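Overview (structure and organization)
The residues making up each chain are set out below.
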Amino acid sequence: MTGRRLHPFTLLAIAGALPALAWILPAPAGGACTAAVALVLAASLGLRRGLWPAVLTAAPFWVFLRLLHDVPTTLAIGLRITTMVASFVWLAATLAPDRLVEATVARGWSVTAAYLFAATITAVPTLRGRARRIVEAQRCRGLSPRGSLGNRLRALRALALPLVLSALHDVDERALALETRGMVSGARRTPLAPPPDSAVERAARWALLVACVAALIWRLK
């Protein structure tokens, strides 16, 4: 079963259990195991879509950790951060926001909270694409993001202001659209196509929760 076919709550459980176990289990073995699983999940999306974004995002943390700590501490913290980054990359690519909202509505939970969480996940690729378009527009006007430090700072300022303003405008538009569709606090909605939730997946989610609690109790002894 591919990640996209899993129930949204199962995806959230996996993406939450891996970082939790990474920080609970003894380092560096625990972090190495969880990082390996998270990277395999990210790699299942493909090199360009999953593995490379996870590796490139985690790489700066390794550099900063090595500058501040010794090798054992760098390994311990770096593997845990890699688990968190790879898990989020996999979750963001596999979790469909509409399925999450439908699953939340089917459970009778707050659809507003589900929408905010889904919007947070989709914000990264949206802002990345918007930033790319802004950079291309600035290049057409002769502003290059390369060269001296002054050129880079001017390019950053020219990128940041339009990006922030467009994001704020997008927030206003979404809020108005949600109010128009009746997504206000306390409103009850009927799910149109709730994703199927099998007994196997429900058992797997409970197993992940039990594993995290058992690992925590074991470490606290």
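Note that this is a predicted model, so its numbers are computed, not measured. (Residues numbered from 1 in each chain as written. Predicted model: local features only at pLDDT ≥ 70, side-chain atom pairs only at ≥ 80, totals over all residues. Heavy atoms only, no water.)

**With respect to the overall build of the chain**
Going by this rule: Helix and strand definitions follow DSSP, with helices as H or I runs of at least four residues and strands as E runs of at least two, each counted in order from the N terminus. Burial here depends on accessible area, computed with a 1.4 Å probe over protein chains only, as a share of the maximum for the residue type. Under 20% is buried, over 50% is exposed, and the range in between is partly exposed. Note on contacts: a residue pair qualifies if any of its non-hydrogen atoms lie within 4.5 Å across the two residues.
A count of helical and extended segments in the chain gives 8 helices and 0 strands. Counting every position in the chain, which comprises 221 residues, the buried fraction comes to 33%. A sequence separation of at least 24 residues applies to 73% of the contacts in the chain between residues at least 6 apart.

**Focus: the environment of A203**
Note that A203 resides in helix α8 (residues 199-220). Remark: the alpha-carbon pair of A203 and T10, spanning 193 residues in sequence, is separated by 9.8 Å.

**Brief notes about the pattern of salt bridges**
Put simply, the rule is: In the sections that follow, a salt bridge refers to a side-chain nitrogen of Lys or Arg positioned within 4 Å of a carboxyl oxygen of Asp or Glu.
By the definition in use, this model includes 2 salt bridges. Linking D197 and R107 is a salt bridge whose minimum nitrogen-to-oxygen distance equals 2.7 Å. With a gap of 90 residues between them, D197 in the loop between α7 (149-180) and α8 and R107 in helix α5 (residues 97-107) connect regions that are remote in the sequence. The exposure class of D197 is buried, given its relative accessible area of 18%. When the shortest N-O distance is used, the salt bridge between D197 and R205 registers 2.7 Å. With respect to class, D197 is no different from R205; both count as buried.

**A look at the environment of A106**
For A106, the location among the structural elements is in helix α5. Overall, A106 belongs to the partly exposed group, its relative accessible area being 43%. Here the alpha-carbon distance between A106 and A193, two residues 87 residues apart in the chain, equals 8.9 Å.

**A look at the packing of helix α2 (residues 29-43) against helix α3 (residues 47-68)**
Worth spelling out the cut-off: Note on method: axes are straight lines fitted to C-alpha atoms, helices fitted across the in-contact stretch only, with angles between N-to-C directions ranging 0 to 180 degrees. For classification purposes, an angle smaller than 35 degrees is called roughly parallel, one larger than 145 roughly antiparallel, one from 65 to 115 roughly perpendicular, and anything else oblique. Three categories are distinguished: nonpolar for Ala, Val, Leu, Ile, Met, Phe, Trp, Tyr, Cys and Pro, charged for Asp, Glu, Lys and Arg, and polar for the others, with Gly belonging to the last.
Put simply, α2 and α3 touch, their axes get as near as 6 Å, and they point 135 degrees apart. Here α3 runs oblique to α2, going by the angle between their axes. Residues L39, A42 and A43 of α2 touch α3, and the partners they reach there are G50, L51, A54 and V55. For the contact of α2 with α3, a count of residues per class yields 6 nonpolar, 1 polar and no charged.

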